[in-house]
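Listed below, chain by chain, are the residues.
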Amino acid sequence: MLTTAFIMRMFIFILLGAQVDFSLMGRYLGGGWPCLIFMFIARPLTVFACATPDRRTKWDIKELLFMCWTRETGVIPAALAGMLVGMKAPAAR
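Conventions and cut-offs
Residues numbered from 1 in each chain as written. Predicted model: local features only at pLDDT ≥ 70, side-chain atom pairs only at ≥ 80, totals over all residues. Heavy atoms only, no water. Patch = residues over 30% accessible without salt bridge, like charges linked within 9 Å, V, L, I, M, F, W, Y side chains within 5 Å. Areas by Shrake-Rupley, 256 points an atom, 1.4 Å probe, with all protein chains shown as cover. Salt bridge = Lys/Arg side-chain N within 4 Å of Asp/Glu carboxyl O. Helix = DSSP H or I, 4+ residues; strand = E, 2+ residues; numbered from the N terminus. Buried < 20%, exposed > 50% of the residue type's maximum accessible area, 1.4 Å probe, protein only. Axes fitted to C-alpha atoms, helices over the stretch in contact; angles between N-to-C directions. Parallel < 35°, antiparallel > 145°, perpendicular 65-115°, else oblique. Left-handed = near helix turned anticlockwise from the far one by under 90°. Contact = heavy atoms within 4.5 Å. Disulfide = S-S within 2.5 Å.

**Describing a nonpolar patch on the surface**
Taken together, the side chains of Trp33, Leu36, Ile37, Met39, Phe40, Ile41, Leu45, Ile61, Leu65 and Trp69 make up a nonpolar region of the molecular surface, amounting to roughly 1000 Å² of accessible area. At the level of secondary structure, the elements contributing two or more residues to the nonpolar patch comprise α3 (33–51) and α4 (61–69). Element by element, the count of residues in the nonpolar patch is highest for α3, at 7 residues. As for its position among the elements, Ile37 is in helix α3.

As structure tokens, this is what we get:
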């Protein structure tokens, strides 16, 4: 079932992807390696540390892995900030 929230979430990801400046990616790629540590080490450790003590829910390993790799925190503010920069709003940078 497609809800308005689901459709808007898809639209935001499309909007963010359309605003990527690939010429800048090479310049900032080296400084982005700490994000990999958070994505592949810190986030799974945090999910397992927080969900494992919860005995009532009896999380399956597949559910825990799903929680490790899915989250959209910060997508909305990033899309809005990108829109402001794209519109050349004063002090947007």
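**Looking at unusual backbone geometry**
The general pattern is negative phi for most residues beyond glycine and trans for most peptide bonds. At Lys58, a residue that is not glycine, the phi angle is positive and equals roughly 50°. Take Lys58: it is sitting in the loop between α3 and α4. By relative accessible area, Lys58 is classed as exposed at 67%.

**Thoughts on the packing of α3 against α4**
Running from N to C, α3 and α4 point in directions that differ by 130°, and their axes come no closer than 9 Å. In terms of axis orientation, α3 runs oblique to α4. Remark: the crossing between α3 and α4 carries right-handed chirality. Contacts between α3 and α4 involve Met39, Phe40, Arg43, Pro44, Val47, Phe48 and Ala51 on the former and, on the latter, Ile61, Leu64, Leu65, Met67, Cys68 and Trp69.

**What to know about the state of the cysteines**
Following the criterion strictly, the structure yields 0 disulfides and no others. With no disulfide of its own, Cys50 lies closest to Cys68 among cysteine sulfurs, the gap being 11 Å. For Cys68, a relative accessible area of 1% corresponds to the buried category.

None of this, on its own, says anything about what the molecule does.
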